[in-house]
Each structure stands twice: as C-alpha cells, then as structure tokens.
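Coordinates in review
Spelled out from the first residue to the last, the chains are:
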Amino acid sequence: DTGVSQDPRHKITKRGQNVTFRCDPISEHNRLYWYRQTLGQGPEFLTYFQNEAQLEKSRLLSDRFSAERPKGSFSTLEIQRTEQGDSAMYLCASIPGSNTGELFFGEGSRLTVL
Amino acid sequence: KQEVTQIPAALSVPEGENLVLNCSFTDSAIYNLQWFRQDPGKGLTSLLLIQSSQREQTSGRLNASLDKSSGRSTLYIAASQPGDSATYLCAVGGGGSNYKLTFGKGTLLTVNP
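Note that residues are indexed from 1 along each chain, following the sequence as it is written. Working convention: letters from A go to chains and numbers from 1 go to ligands, in the order in which they are written. Local features are withheld for residues below a pLDDT of 70 in this predicted model, meaning they are given only at 70 or higher, and side-chain atom pairs are given and counted only at 80 or more; totals for whole chains, interfaces and linings count all residues. Hydrogens and water are ignored here; the side-chain numbers use all heavy atoms of the structure.

1. Some remarks on the overall build of chain B
Numbering of helices and strands runs from the N terminus; a helix is a DSSP stretch of H or I covering at least four residues, while a strand is a stretch of E covering at least two. Counting its regular elements, chain B contains 0 helices and 11 strands. Listed N to C, the secondary structure of chain B is β-β-β-β-β-β-β-β-β-β-β in terms of helices and strands. Here the radius of gyration uses the C-alpha set of atoms, whereas the globule reference equals 2.2 Å times the residue count to the power 0.38. The C-alpha atoms of chain B give a radius of gyration of 13 Å, which matches the 13 Å a tight globule of 113 residues would have. In terms of overall dimensions, chain B has C-alpha extents of about 45 × 30 × 20 Å along its principal axes. Here chain B, with 113 residues, has 42% of them falling under the buried criterion. We call two residues in contact whenever any of their non-hydrogen atoms come within 4.5 Å of each other. Taking the intrachain contacts of chain B between residues at least 6 apart in sequence as the baseline, contacts between residues at least 24 apart amount to 54%. About 5,200 Å² of surface is accessible on chain B, with carbon and sulfur atoms providing 48% of the total. Residues scored as positive are Lys and Arg, those scored as negative are Asp and Glu, and His as well as the terminal groups of each chain are ignored. In this description, the location of a charge corresponds to atom NZ of lysine, CZ of arginine, CG of aspartate or CD of glutamate. If the 9 positive side-chain charges of chain B are averaged to one point and the 8 negative ones to another, these points end up 8 Å apart. Relative accessibility under 20% of the residue-type maximum defines a buried residue, over 50% an exposed one, and the middle range a partly exposed one, all with a 1.4 Å probe and only protein chains included. The protein chains shown are the only cover counted for residues, whose accessible areas, like all others here, come from Shrake-Rupley with a 1.4 Å probe.

What follows is the structure, encoded as structure tokens:
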C-alpha cells in the first residue's frame with residue numbers, strides 16, 4: 001500500500017493553457033474523489049468515481065473541467081483554458097468498496113495560473 | 001446544505017498545554033465525521049474517524065468526540081508539542097452512500113517551544 005499518488009505536485013501555467021493532473025488511488029480502492037482547496041479554505045468536493053463511472057459532479061466543475069477514470073484505476077483531471085481563479089490545490093482521495101467511509105488523501109497538485 | 005464551522009480559526013499555545021478544537025455542523029444527518037491534519041503545502045492526513053453511532057475515538061494524545069444531536073465535535077490534544085503545529089480540518093460525511101465530505105475552513109494551530 002503506497003498511498004494515494006498525485007502528479008505533478010506543482011504546476012505553473014499561463015492563463016489560457018490546458019493542464020492535466022493525474023491521481024493513482026490506493027490499490028483496489030474502487031471509489032476516487034477530486035477536491036479543490038483554495039488558500040485559507042477547506043477542500044470543496046468536485047466529483048467522484050466508482051470504478052470507471054463518474055457518479056456525481058459538483059456545480060463547481062464548470063465545462064472547462066473534465067475528469068476521467070477510464071479503466072477504473074488512475075484518474076485524470078483536465079482544466080482547459082485556465083483562468084487565474086483556477087489557482088488552487090487539487091486533492092485526490094480514494095476509499096475501498098466496503099468500508100467505514102474513511103477517505104485517504106494524496107499530497108495534492110498545486111496549480112498556479114499566471 | 002451542510003455547513004461546517006471551526007472555532008477558533010487560529011490558536012497559539014505554549015508547549016505542553018492541553019487544547020480543544022471545536023467543530024460544528026448544521027445538518028445532524030451525517031454518516032461520519034473525520035478530523036484531518038494538513039501541513040503547509042501538503043495533503044491531508046487522517047487523524048480520527050468517528051462513525052455517526054459512536055461518541056468518541058482516541059489515538060495516542062488525540063481524542064475526538066461527537067454529539068450528533070447538537071451538531072458538534074471536539075478534538076482534544078493532550079500535552080501539545082511543536083510538531084503538532086499544523087492546520088486541523090473537520091469534515092462531515094453526508095447521509096447518502098457517496099461518502100462525500102463537507103469540510104470546515106480549519107484551525108491553524110501553533111505550538112510554541
């Protein structure tokens with residue numbers, strides 16, 4: 001069990017560019033979550049997957065955001081045409097199928113949009 | 001809509017002091033409550049998980065209580081150490097099966113040597 005892995009840890013981009021983050025959950029965890037955290041705030045839910053199915057999306061996930069989990073293992077979060085307001089920490093978490101509801105988070109991917 | 005509030009927003013204490021962090025939530029129909037620690041620029045480390053049917057959980061110097069009916073939880077840290085300095089986040093899990101968490105803004109704890 002190597003924990004939830006996220007890549008890259010830090011991304012600096014110019015406004016208007018596209019960025020993609022990757023999350024590798026704990027092995028055999030079938031649920032995967034994406035959260036966004038801005039400075040001084042608690043994390044906010046974006047979306048989650050059970051296996052490869054995306055079951056819920058927050059209204060925070062505008063049409064510039066897309067998340068996938070094609071084979072039910074790793075997931076990607078893509079942001080198109082980045083804006084300065086997208087600057088935040090993007091956190092991934094996973095949870096096994098039958099469990100207590102305890103989420104295990106990764107180290108996060110920090111996005112800075114210039 | 002569930003709202004989670006953490007008080008105080010920041011706390012500075014001398015080393016060795018016992019302290020209490022508070023968390024309140026507006027909707028008592030929760031599945032569980034989780035306390036996390038977050039170091040600057042880092043991800044979240046789970047400290048304690050309390051199921052809705054439980055009253056408290058303990059791990060080492062940490063004790064978390066839950067009073068679901070009043071919408072409150074406390075995190076008690078005994079004999080604080082400088083290494084405890086971090087932001088502590090409270091999160092409640094909704095009553096559905098999605099295990100989605102709603103977070104407070106956190107309490108920034110500084111333990112001075």
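2. A few points about the packing of aromatic side chains
Residues and elements named next belong to chain B. Note on aromatic contacts: the rings of Phe and Tyr and the six-membered ring of Trp form a pair at centre separations within 6.5 Å, being stacked when their planes are under 30 degrees apart, edge-to-face when over 60 apart, and tilted otherwise. Counted according to the given criterion, the structure contains 11 aromatic pairs over all chains. Here Phe36 and Phe103 contribute two aromatic rings whose centre-to-centre distance is 5.6 Å and whose plane-to-plane angle is 35°, an arrangement assigned as tilted. Residue Phe36 is found in strand β4 (residues 30-38), and its partner Phe103 is found in strand β10 (residues 101-103); the two are separated by 67 residues along the sequence. Taking relative accessible area as the criterion, Phe36 reaches 0% and is therefore assigned buried.

3. Remarks on the interface of chain B and chain A
A common way to state how big an interface is: give the accessible area lost once the parts meet. Each partner contributes to the interface: chain B provides 22 residues, whereas chain A provides 25 residues. The quantity reported as buried area is the accessible area (1.4 Å probe) lost by two parts once they are put together, taken as the sum for both. Where chain B abuts chain A, roughly 1,800 Å² becomes buried across the two surfaces, and 48% of that area is made up of carbon and sulfur atoms. Across the pair Glu56(A) and Lys100(B) runs a salt bridge, and its minimum N-O distance is 2.5 Å. Between N or O atoms, a polar contact is any pair within 3.5 Å; within protein, one atom must be a potential hydrogen donor and the other a potential acceptor, and residues adjacent in sequence are included only when both atoms are from side chains. Viewed at the interface, chain A and chain B are joined by 7 residue pairs in polar contact (both at pLDDT 80 or more). Counting residues per element, the ones that place at least two in the side of chain B that touches chain A are β4, β5 (44-51) and β10 of chain B. The element that contributes the greatest number of residues to the side of chain B that touches chain A is β4(B), accounting for 5 residues. Any carboxyl oxygen of Asp or Glu within 4 Å of a side-chain nitrogen of Lys or Arg constitutes a salt bridge here.

4. Here we look at the nonpolar core
Buried Ala, Val, Leu, Ile, Met, Phe, Trp, Tyr and Cys residues form a nonpolar core when they are joined through side-chain atoms within 4.5 Å. In this structure, Phe25(B), Leu33(B), Trp35(B), Leu75(B), Ile77(B), Tyr88(B) and Leu109(B) are the most contacted members of the largest nonpolar core, which totals 22 residues. Secondary-structure elements contributing two or more residues to this core are β3 (19-25), β4, β5, β7 (62-67), β8 (72-77), β9 (86-94) and β11 (107-112) of chain B. Judged by nonpolar contacts, the second largest core, of 19 residues, contains Leu32(A), Leu46(A), Leu61(A) and Ala67(A).

5. Some words on the side chain of Asn32(B)
Tracing the chain through its elements places Asn32(B) in strand β4. By relative accessible area, Asn32(B) is classed as buried at 2%. Of the polar contacts made by the side chain of Asn32(B), one reaches the backbone oxygen of Gly101(A); its length is 3.4 Å.

6. Points about the pattern of salt bridges
All names here are of chain A. For the structure shown, the criterion picks out 7 salt bridges over all chains. One salt bridge in this structure joins Arg64 and Asp86, with 2.8 Å as the shortest N-O distance. You can see Arg64 sitting in the loop between β6 (53-57) and β7 (65-68) and its partner Asp86 sitting in the loop between β8 (75-79) and β9 (88-95), a full 22 residues away along the chain. Take Arg64: its relative accessible area is 10%, and that puts it in the buried class. When salt bridges that share partners are traced, they join Arg64, Glu83 and Asp86 into one network.

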